[in-house]
Amino acid sequence: MLGKLILSVGLFLAGVQAQQAANCDYLSLKCGSALLGAPYNYTTAQLVAAVNDTASIPIITVAQLSETLFHCTDILGAITGNAYCFAGCDTKAGVRNDQCIV
Ligand SMILES: *[C@@H]1O[C@H](CO)[C@@H](O)[C@H](O)[C@H]1NC(C)=O
Ligand SMILES: *[C@@H]1O[C@H](CO)[C@@H](O)[C@H](O)[C@H]1NC(C)=O
């Protein structure tokens, strides 16, 4: 049973690494535009899935994903939607938190 658990964790890690180049930094907030670009290279599908799981974010277009703030929820690069930024999303350099323009 332990062997099975380790195997499934290994597959999970391999899957995550195949999806993006660099993991979003644990507990940071990042704009969709930042996550779609290097070094993160998340896919549109990953951002769409995160937004879909967040009831507080309305249905948005793919273009609006860039103006959405995402929360990095673990050290493996998992993200959840945080907020759709009506006035735009402001990216900060490096690991500093991005924020919605108010
Ligand atoms: C991430 O995306 C950038 C821009 O498209 C590209 O130059 C870079 O090679 C990608 N990095 C990885 C590790 O895929
Ligand atoms: C996200 O939700 C939209 C609108 O309900 C739907 O069309 C799309 O298939 C969903 N995508 C994913 C990856 O859940």
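Conventions we followed
Residues numbered from 1 in each chain as written. Chains lettered and ligands numbered in written order. Predicted model: local features only at pLDDT ≥ 70, side-chain atom pairs only at ≥ 80, totals over all residues. Heavy atoms only, no water. Helix = DSSP H or I, 4+ residues; strand = E, 2+ residues; numbered from the N terminus. Buried < 20%, exposed > 50% of the residue type's maximum accessible area, 1.4 Å probe, protein only. Contact = heavy atoms within 4.5 Å. Areas by Shrake-Rupley, 256 points an atom, 1.4 Å probe, with all protein chains shown as cover. Pairing = 2+ DSSP bridges.

Novice: Before we go on, may I ask you to explain the overall build of the protein in this structure?
Specialist: Of the regular secondary structure elements, the protein holds three helices and five strands. What you see in the protein, going N to C, is helices and strands ordered as α-β-α-α-β-β-β-β. Expressed as a percentage of the 102 residues in the protein, the buried residues total 31%. At a minimum sequence separation of 6, the contacts of the protein that also span at least 24 residues come to 51%. Accessible surface, the protein as shown: approximately 6100 Å² in total, 64% of it carbon and sulfur.

Novice: Explain the pairing of strand E3 (residues 79-84) here, please?
Specialist: The side chains of a regular strand alternate, residue by residue, between the two faces of the sheet. Across five bridges, the pairing between strand E2 (residues 68-72) and E3 is antiparallel. Looking at the pairing, threonine 68 lines up with tyrosine 84 of E3.

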